[in-house]
Amino acid sequence: MSANKLKVVIFLGTVRENRLGERVALFMKNYLEKTDHSVEYLDPKELDLPLLTNPLHFYKDKTTAPVVLRETDVKVRAADAFVIVTGEYNHSIPPALSNLLDYFGSTAYSWKPSGIVCYSPGQYGGMRAAMQLRPLLAELGTLSVSNIFGIPHVDKSIDHEGNKLNDRMESGAKRMIDQLDWHAHAMKNHREKYGTPS
């Protein structure tokens, strides 16, 4: 791994049956790895975390927290940037996504940028969810870059294996990831040189 390779955590935001988000997350994982990023992929269906009652930062003794929480926290804290893959449920953020994000305190996310990838089978590409996701990410301390990668008609844009079905997928991903990389490198360099505010 090169010294400048950024560590990116992808959050997938859905657990429901026949979900389309899996193909989007896989496309983004493949794109990031192809463009020299180190990638961790967090799927709430695989993590199988219950409805939030005790976020990790509520445990006075972290060693008593479930292993899956502690292991996931290590991945989140090691990241230089986050890619959030969100569908749109009732014009809003999928509950599985906010549940997963809320398990970890803002100190795990702060001073690192995020990028939003939203999608839907319809023409709006999940943009209404993306607009509601921005303030949540800001409150967690991971400001989202201005470019949002929206994917309308996602079932006609990416296949089940995460392969693009049109050229817009690569160009759309590139625009957002180029912004994310710039911010991530800048923040990483500043963290390493000056630390972070207490």
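Right above here is the structure, for reference.
Residues numbered from 1 in each chain as written. Predicted model: local features only at pLDDT ≥ 70, side-chain atom pairs only at ≥ 80, totals over all residues. Heavy atoms only, no water.

Asks: Looking at this structure, I do not really get the environment of Ser-106. What am I missing?
Replies: Relative to the helices and strands, Ser-106 resides in helix α5 (residues 106-109). Exposure remark for Ser-106: the relative accessible area of 34% places this residue in the partly exposed category. Between the alpha carbons of Ser-106 and Leu-140 there is a distance of 4.6 Å; along the sequence they are 34 residues apart. Setting aside its immediate chain neighbours within four residues, Ser-106 contacts Glu-139 and Leu-140. (Helix = DSSP H or I, 4+ residues; strand = E, 2+ residues; numbered from the N terminus. Buried < 20%, exposed > 50% of the residue type's maximum accessible area, 1.4 Å probe, protein only. Contact = heavy atoms within 4.5 Å.)

Asks: Where do I start with the pairing of strand β1 (residues 7-12) in this structure?
Replies: Consecutive side chains of a regular strand alternate in pointing toward one face of the sheet and then the other. Extensive coverage of β1 is indicated by the burial of five of its six residues. Note: β1 against strand β2 (residues 38-42), five bridges, orientation parallel. Looking at β2, one finds that Lys-7 is bridged to Ser-38. The β-α-β motif built from β1, the intervening helix α1 (residues 21-34) and the parallel element β2 has right-handed crossover chirality. Pairing geometry for β1 and strand β3 (residues 81-86), over five bridges, is parallel. Counted as the bridge partner of Val-9 is Phe-82 from β3. (Pairing = 2+ DSSP bridges. Right-handed = clockwise from strand over helix to strand, strands pointing away.)

Asks: Would you mind going over the pattern of salt bridges with me for this structure?
Replies: Pairing between side chains of opposite charge can happen when their charged atoms approach one another. A complete count under the given rule lists 13 salt bridges for this structure. A salt bridge links Lys-174 to Asp-178; the shortest N-O distance between them is 2.6 Å. With Lys-174 and Asp-178 both in helix α7 (residues 168-194) and four residues apart, this pair spans about one turn of that helix. Three or more residues joined by partner-sharing salt bridges are found here, namely Arg-19, Glu-22 and Asp-43. (Salt bridge = Lys/Arg side-chain N within 4 Å of Asp/Glu carboxyl O.)

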